[in-house]
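Here is how the chains run, residue by residue.
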Amino acid sequence: MDDHAGEASAATATALGNSVAGDVEVPGDVDMFAVELTAGQAIVLRVNRTAESGSAGLADPSLVLQDATGHILAMDDDSGGEFNARVFYSIEASGTYYAAVTDHDQGTGTYELSIHQTTRRSGSDLADSLVGGTLSDTVEAGAGNDQLTGLTGDDLLDGGLGFDIARYEGPLANFFIEPVDVSGWASTASRGWVLTDSIGTEGSDVLVSIERVAFADHNLALDLDGNAGTVAKVLGAVFGADAIYDPVYVGVGLQLADSGIGLNQLMDIALAYRLGAQPSSTQVVDLLFTNVVGHAPTNDERQPFTDMLDSGALTMTELGALAAEHPLNLANIDFVGLADYGIVYTT
């Protein structure tokens, strides 16, 4: 027997602040819930797997929020962490809304749906410092370079435009980060991260449009599509792949990049630091080739590059930039993995 109907006309009624248990009994089963919401409310909907009778619960909860006309407003698969679903949403019109719960694939099992109001804290287009409270917050910055702190509770930290930093009181080792697709509900980005405090009291937050995360002891750069990516590529090409795991090296590189120094100038500085002020073409080629390809070049492998440098067809900076962007360098530093989990640095 189906515990909750899958149609809006027969949806199970619930209320803001309540939790309700459910069971996806067979693959493809959909459970529908109705809730009355008021314009201006910021809410968070969660679907968490629940263990029951030896089962781990619903394998991969999926959540869809729709209005009374059936129009889909938001959807999510994994923003709750550990395959749980979570949606933050701001209500624009009062009325009946529907939450549909199923499995993302063909799984079955039990779950709990909760719908709660969050405290909405909004920034401006200037540089804001926004601080949450003890419960769940929806912290939305504007176009400025902002600092966001959620404190306790499970929060949404949305940096919006600009260069934004999320701040936490605990050390980095206390936290677990995982990338998530937030395209189903976030308005400022399609990609985000779930950051969970596994030891302390700072909750499990969703980070959207956040470039950096500051912890008590270290920092985490998430902007691999920006300055952090440039620094990682230069470090890999000039100092070797292991250099990206040196928080001091990364921190120095980010300080330079954040000050406005681009790839070419950063490459100049790195080569000069590594090889001295006036390295020979052979030194530059040997360094870059070894770090990118994985072995020192033979004479035949070296010659074409030194010829280009000696003839002026390429500058050392240009060759270094090509090495930094080379697919082999990106593979060496696991650039895809860095984009998922960030790169640690100190200031």
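As a reminder, the structure under discussion sits directly above these lines.
S.K.: Please set out the overall build of the chain residue by residue, giving values where relevant.
M.R.: Scanning the chain from N- to C-terminus turns up eight helices and 20 strands. In terms of its C-alpha atoms, the chain occupies a principal-axis envelope of roughly 80 × 45 × 35 Å. Split into buried and exposed, the 347 residues of the chain put 49% on the buried side. Intrachain contacts of the chain at a sequence separation of at least 6 include 60% that bridge at least 24 residues. Put simply, the chain shows about 15,600 Å² of open surface, and 53% of that area lies on carbon and sulfur atoms. Across the chain, 11 positive and 51 negative side-chain charges occur, with their mean positions spaced 7 Å apart.

S.K.: Would you mind going over the pairing of strand β11 (residues 137-140) in detail, with residue names and values included?
M.R.: Judged from the four bridges that link them, strand β9 (residues 109-122) and β11 form a sheet pairing that is parallel. Note on β11: the bridge partner recorded for Ser122 is Glu140.

S.K.: Can you explain the nonpolar core? Please cite residues and give values.
M.R.: Counting 34 residues, the largest nonpolar core has Val238, Leu288 and Ile343 as its most contacted members. Counting residues per element, the ones that place at least two in this core are α1 (227-239), α2 (247-258), α3 (263-275), α4 (281-293), α6 (316-325), α8 (335-341) and β20 (343-345). When sequence neighbours within four positions are dropped, the list of residues in contact with Leu288 reads Ala237, Val238, Leu271, Leu319, Gly320 and Ala323. Counting 32 residues, the second-largest nonpolar core is a separate cluster that includes Val20, Leu37, Ala85 and Tyr89.

S.K.: So what's going on with the sheet that holds strand β6 (residues 72-76)? Residues and values would help.
M.R.: With mixed pairing, the five strands of this open sheet are ordered in space as β1-β3-β8-β5-β6. If you trace the sheet from one side to the other, it starts and ends with β1 (12-13) and β6, each paired once. Pairing of β1 with strand β3 (residues 31-37), which is carried by two bridges, proceeds in the parallel orientation. Counterpart to Thr12 in the pairing with β3 is Phe33.

S.K.: I'd like to hear about the packing of α3 against α4, residue by residue, with values.
M.R.: Taken N-terminus to C-terminus, the directions of α3 and α4 make an angle of 105°; their axes are 11 Å apart at the nearest point. Taken together, the axes of α3 and α4 are roughly perpendicular relative to one another. On α4, the residues that touch Leu271, Arg274 and Leu275 of α3 are Gln283, Val284, Leu287 and Leu288. Tallied by class, the residues present in the contact of α3 with α4 amount to five nonpolar, one polar and one charged.

S.K.: Give a description of the pairing of β6 that names residues and reports values.
M.R.: Where strand β5 (residues 61-66) lies against β6, four bridges are found, and the strand directions are antiparallel. Looking at β6, one finds that Leu65 is bridged to Ala74. If you look at the hairpin formed by β5 and β6, you'll find five residues sitting between the two strands, and Gly70 has a positive phi there, around 90°.

S.K.: Give me a nonpolar patch on the surface: which residues, what numbers.
M.R.: On the surface, a cluster of nonpolar side chains totalling about 410 Å² of accessible area is made up of Val248, Tyr249, Val252 and Tyr273. In terms of residues, the nonpolar patch owes the most to one element, α2, which gives three residues. Residue placement: Tyr249 occurs in helix α2. Taking relative accessible area as the criterion, Tyr249 reaches 32% and is therefore assigned partly exposed.

S.K.: Can you lay out the environment of Gly342 for me, pointing to particular residues and giving the numbers?
M.R.: Note on placement: Gly342 falls in the loop between α8 and β20. A residue is classified by how much of its surface remains accessible, and Gly342, at 13% relative accessible area, is buried. For the pair Gly342 and Tyr98, spaced 244 residues apart in the sequence, the C-alpha separation amounts to 36 Å. Residues in contact with Gly342, not counting those within four places in the same chain, are Leu220, Ala221, Leu222, Leu224 and Gly337.

S.K.: I'd like a rundown of the pattern of salt bridges, residues and numbers included.
M.R.: For the structure shown, the criterion picks out eight salt bridges. Two residues, Arg191 and Asp340, come together in a salt bridge whose shortest N-O distance is 2.7 Å. Of this pair, Arg191 sits in strand β16 (residues 191-197) while Asp340 sits in helix α8, and the two are 149 residues apart along the sequence. Relative accessible area serves as the criterion here: at 34%, Arg191 is assigned to the partly exposed category.

S.K.: So what's going on with the environment of Ile115? Which residues, and what values?
M.R.: Mapped onto the secondary structure, Ile115 falls in strand β9. Classification of Ile115 as buried rests on a relative accessible area of 2%. The spatial distance from the C-alpha of Ile115 to the C-alpha of Asn18 is 6.2 Å, given a sequence separation of 97 residues. Beyond its immediate stretch of four places on either side in the chain, Ile115 contacts Thr14, Ala15, Leu16, Gly17, Asn18, Val35, Ile43, Val44 and Leu45.

S.K.: Break down the packing of aromatic side chains for me, citing the residues and quoting the values.
M.R.: Taken as a whole and judged by the stated rule, the model has six aromatic pairs. Centre to centre, the rings of Phe88 and Trp185 are 5.8 Å apart; their planes meet at 45°, and the pair counts as tilted. Highlighted residues: Phe88 in strand β7 (residues 85-90) and Trp185 in the loop between β15 (175-181) and β16, separated in sequence by 97 residues. Residue Phe88 shares its accessibility class with Trp185, and that shared class is buried.

S.K.: Can you explain the side chain of Asp103? Please cite residues and give values.
M.R.: When you line up the elements, Asp103 lands in strand β8 (residues 95-103). From its side chain, Asp103 meets the backbone nitrogen of Gln106 in a polar contact 3.4 Å long. Separated by 2.8 Å, the side chain of Asp103 and the backbone nitrogen of Gly107 make a polar contact. Filtering out sequence-adjacent residues up to four positions away, Asp103 remains in contact with Leu58, Ala59, Asp60, Pro61 and Ser62.

What counts and what doesn't
Residues numbered from 1 in each chain as written. Predicted model: local features only at pLDDT ≥ 70, side-chain atom pairs only at ≥ 80, totals over all residues. Heavy atoms only, no water. Helix = DSSP H or I, 4+ residues; strand = E, 2+ residues; numbered from the N terminus. Buried < 20%, exposed > 50% of the residue type's maximum accessible area, 1.4 Å probe, protein only. Contact = heavy atoms within 4.5 Å. Areas by Shrake-Rupley, 256 points an atom, 1.4 Å probe, with all protein chains shown as cover. Lys, Arg positive; Asp, Glu negative; His and termini not counted. Charge placed at Lys NZ, Arg CZ, Asp CG, Glu CD. Pairing = 2+ DSSP bridges. Core = buried A, V, L, I, M, F, W, Y, C linked by side-chain atoms within 4.5 Å. Axes fitted to C-alpha atoms, helices over the stretch in contact; angles between N-to-C directions. Parallel < 35°, antiparallel > 145°, perpendicular 65-115°, else oblique. Nonpolar A, V, L, I, M, F, W, Y, C, P; charged D, E, K, R; others polar. Patch = residues over 30% accessible without salt bridge, like charges linked within 9 Å, V, L, I, M, F, W, Y side chains within 5 Å. Salt bridge = Lys/Arg side-chain N within 4 Å of Asp/Glu carboxyl O. Phe/Tyr/Trp six-rings, centres within 6.5 Å; stacked < 30°, edge-to-face > 60°. Polar contact = N/O pair within 3.5 Å; in protein donor to acceptor, adjacent residues only side chain to side chain.

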